[in-house]
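These are the residues of each chain, in order.
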Amino acid sequence: QVRLVESGGGLVQAGGSLRLSCVASGNIFSIYVMGWYRQAPGKQRELVATYTVSGGSTNYADSVQDRFTISRDNAKVYLQMNSLKPEDTAVYYCNANTRYTRSEYWGQGTQVTVSS
């Protein structure tokens, strides 16, 4: 009952910045955790950052700590990505988990490409 739509991906040179956006619709009040994951070609999908909606706590992968920031504004969640590296190249997916039904939802993904 939750729909997620990502945007903001694109091409950027190493050292540059991008901000990804995820808009949630539907039963948004049931969401307790939102996050960003990414998947590079030939690799498993991995956690980038999470945001606990009730308390505002955040969690980051070691590889993006101090470079990426996750934040929320009502039904939108953002991922500010600074000091981008070629290793950050991947499809980035928005994720949401609900409290009562324990359901998980995913967006369609947005491509981020970082050139050397």
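As shown above, the structure is provided for reference.
Attention here is on the structure that accompanies the text.

Definitions and cut-offs
Residues numbered from 1 in each chain as written. Predicted model: local features only at pLDDT ≥ 70, side-chain atom pairs only at ≥ 80, totals over all residues. Heavy atoms only, no water. Salt bridge = Lys/Arg side-chain N within 4 Å of Asp/Glu carboxyl O. Buried < 20%, exposed > 50% of the residue type's maximum accessible area, 1.4 Å probe, protein only. Helix = DSSP H or I, 4+ residues; strand = E, 2+ residues; numbered from the N terminus. Pairing = 2+ DSSP bridges. Axes fitted to C-alpha atoms, helices over the stretch in contact; angles between N-to-C directions. Phe/Tyr/Trp six-rings, centres within 6.5 Å; stacked < 30°, edge-to-face > 60°. Lys NZ or Arg CZ within 6 Å of the ring centre and 35° of its normal.

Remarks on the pattern of salt bridges
The final tally for this structure, using the stated rule, is three salt bridges. Among the ionic pairs, Arg-38 bridges to Glu-46, the shortest N-O distance being 2.8 Å. Arg-38 gets classed as buried once you look at its relative accessible area, which sits at 5%. Classification of Glu-46 by relative accessible area gives partly exposed; the value is 31%. The residue Arg-67 makes a salt bridge to Asp-88 at a minimum N-O spacing of 2.9 Å. Linking Arg-67 in the loop between β6 (58–60) and β7 (68–73) with Asp-88 in the loop between β8 (76–81) and β9 (90–98), this pair joins segments that are 21 residues apart in sequence.

So, the sheet that holds strand β1 (residues 2–7)
Spatially, β1-β3-β8-β7 is the arrangement adopted by the four strands of the open sheet, whose pairing is antiparallel. Two strands lie at the open edges of the sheet, namely β1 and β7, each paired on one side alone. Averaged over all neighbouring strand pairs, the angle between strand axes comes to 20 degrees, with direction disregarded. Bridge count for β7 against β8 is six bridges, and the pairing is antiparallel. When the sheet's bridge partners are listed, Ser-71 is paired in β8 with Tyr-78.

A closer look at the packing of aromatic side chains
One pass over the structure, following the stated rule, counts one aromatic pair. Between Tyr-37 and Trp-106, the aromatic rings sit 5.0 Å apart at their centres with planes inclined by 70 degrees, giving edge-to-face as the arrangement. Note that Tyr-37 is positioned in strand β4 (residues 31–39) and Trp-106 in strand β10 (residues 104–106), a separation of 69 residues in sequence. The ring of Tyr-78 has Arg-19 lying over it, and the distance from NZ or CZ to the ring centre is 4.2 Å. Here the basic side chain of Arg-45 rests over the ring of Tyr-93, its NZ or CZ set 3.8 Å away from the ring centre.

Comments concerning unusual backbone geometry
Here Asp-66, not a glycine, exhibits a phi torsion of approximately 75 degrees, which is positive. One non-glycine residue, Asn-74, lies in the positive phi region at around 55 degrees. Looking at the secondary structure, you find Asn-74 in the loop between β7 and β8.

Side note on the pairing of strand β5 (residues 46–52)
Two elements, β4 and β5, share six bridges in a ladder whose sense is antiparallel. The partner of Met-34 across the bridge, within β5, is Tyr-51. If you look at the hairpin formed by β4 and β5, you'll find six residues sitting between the two strands, and Gly-42 has a positive phi there, around 75 degrees. In this structure, β5 lies alongside β6, joined through three bridges in antiparallel fashion. Residue Tyr-51 lies in a different strand from β6, and its bridge partner there is Thr-58. Counting the residues in the hairpin turn of β5 and β6 gives five residues, including Gly-56, whose phi is positive at 80 degrees.

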